[in-house]
Amino acid sequence: MRQRSFNDEPIVTSSNSSEWQFPNKIEYESIFNKIKSTFSGFATDFYPEKFDNLSATERQKVYEDSWTHGGCAFWLFAFSELFTNQEANDEAYAFWANKTRERLHHPIKRELLAPLKPPHAWGTKRPCLETSYYEVFNQNNVDLIDVNSSPIIEVTEYGIKTKKEGVIPVDIIILATGFDSFTGGLFDINIRNAKGISIQEKWKTGTKTYLSLCTSDLPNLFWVYGPHSTAAFGNGPTSIEIQCNWITDLLLKMHKDGQNRVAANEEPEAVWTKHVNDLWQNSLFPATNSWYQGANIPGKIRGPLHYMGGIPLYYEKLNICRDNNYEGFSFV
């Protein structure tokens, strides 16, 4: 295996997952109401106490409980300061590194996969769920090459040639090179406004949206789970449901009023885009090269592609717009 950058901190799935059971139907309504009130749109939220209000021993218990819970808990159910406070982030990383290093037997692989010094803030690259991922690296038939210190020179008819190892024979090559997150799909469609200006041209200096649902001067065009949405930091179905319900209410309003055209205005779009950017810049995310801000695509303007305010704040912003007769939109 060739590693280009430090792995996106896989987090182990719960060992108790086989004991989990679906809730009773009578609980569904309360669960659906609950997920609109948590940062990530799951039925569980960040730990209620602030990082600085607890002792180191108390914080270790919070980490241990979230780790035992499994899934995304260590990322999204521990301390909310993880994304904004470097001290809190360093402490969480140290806990994660100790847990992970215990699973790795080879000292070189251990340093490559779970170094003691974090190469970037923990969780600012997408954590991946895993089961026995690191144990695979303990197998004698699995090796790991850091292509930062030994770059790939070329792919030959026999294998992959690296700077230090030479040609390494291979049968199959799996390329994990990333993807053009959130804006890439829109750019693959020839979307143009009435003046013939494409969405690529409109966003050549960065992504601009209103309410993370649309962009000005492109009427009747909405998306869900797209640019500037809450999608990357929580439960997809929750994000989608909130946006779809809001768009549905808007369309019903237009039908009632005999309207067939709606477009976001430029000024509120600029205000919303600044709001998204301000949340991002006040976090630890900007310093990390990740697809969260398009750093994996050569030449792409770096900037937040996701909403860092969480589900409750986003839901509140949508409702304020709706309750003010869809302020920021023009109707015909």
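Quick word on the packing of helix H2 (residues 56-69) against helix H4 (residues 86-101)
Put simply, H2 and H4 touch, their axes get as near as 11 Å, and they point 55° apart. Classed by the angle they form, the pair H2 and H4 counts as oblique. Our pair here, H2 against H4, has a crossing hand that is right-handed. Residue-level inspection shows Arg59, Gln60, Tyr63, Glu64 and Trp67 of H2 in contact with H4, the latter providing Ala88, Glu91, Ala92, Phe95, Trp96, Lys99 and Thr100.

Overview of the packing of aromatic side chains
Tallied over the full model, the rule gives 39 aromatic pairs. Ring plane angle 70° and centroid distance 5.4 Å describe the contact between Tyr133 and Phe137, whose orientation is recorded as edge-to-face. Under the relative-accessibility criterion, Tyr133 is labelled partly exposed at 23%. A relative accessible area of 2% means that Phe137 is categorised as buried.

Structural notes on the nonpolar core
Residues Phe74, Trp75, Phe83, Trp96, Phe233 and Tyr292 are the most contacted members of the largest nonpolar core, which totals 38 residues. Elements represented by at least two residues in this core include exactly H2, helix H3 (73-76), H4 and helix H5 (107-113). Residue contributions to this core peak at six residues, all from H4.

Digging into a nonpolar patch on the surface
A grouping of Ile152, Val155, Ile173 and Leu175 is seen on the molecular surface, where their side chains present a nonpolar patch of about 390 Å² in accessible area. Here Leu175 is to be found in the loop between strand S7 (166-169) and helix H7 (184-187).

Details of the environment of Lys300
Residue placement: Lys300 occurs in the loop between helix H10 (266-281) and helix H11 (311-323). Lys300 sits 95 residues away from Thr205 along the chain, and the two C-alpha atoms are 9.3 Å apart. Polar contacts involving the side chain of Lys300 include one to the side chain of Asp180, which spans 2.5 Å.

Thoughts on the pattern of salt bridges
In the structure shown here, the tally under the stated rule is twelve salt bridges. With a closest N to O distance of 2.9 Å, Glu64 and Lys99 form a salt bridge. Of this pair, Glu64 sits in helix H2 while Lys99 sits in helix H4, placing them 35 residues apart in sequence. Residues Lys253 and Asp257 are paired through a salt bridge, measuring 3.4 Å at the closest nitrogen-oxygen approach. On the basis of relative accessibility, which here comes to 15%, the residue Lys253 falls in the buried class. The network of salt bridges with shared partners includes Arg103, Glu130 and Glu135.

Rules behind the numbers
- Residues numbered from 1 in each chain as written.
- Predicted model: local features only at pLDDT ≥ 70, side-chain atom pairs only at ≥ 80, totals over all residues.
- Heavy atoms only, no water.
- Axes fitted to C-alpha atoms, helices over the stretch in contact; angles between N-to-C directions.
- Helix = DSSP H or I, 4+ residues; strand = E, 2+ residues; numbered from the N terminus.
- Parallel < 35°, antiparallel > 145°, perpendicular 65-115°, else oblique.
- Left-handed = near helix turned anticlockwise from the far one by under 90°.
- Contact = heavy atoms within 4.5 Å.
- Phe/Tyr/Trp six-rings, centres within 6.5 Å; stacked < 30°, edge-to-face > 60°.
- Buried < 20%, exposed > 50% of the residue type's maximum accessible area, 1.4 Å probe, protein only.
- Core = buried A, V, L, I, M, F, W, Y, C linked by side-chain atoms within 4.5 Å.
- Patch = residues over 30% accessible without salt bridge, like charges linked within 9 Å, V, L, I, M, F, W, Y side chains within 5 Å.
- Areas by Shrake-Rupley, 256 points an atom, 1.4 Å probe, with all protein chains shown as cover.
- Salt bridge = Lys/Arg side-chain N within 4 Å of Asp/Glu carboxyl O.
- Polar contact = N/O pair within 3.5 Å; in protein donor to acceptor, adjacent residues only side chain to side chain.

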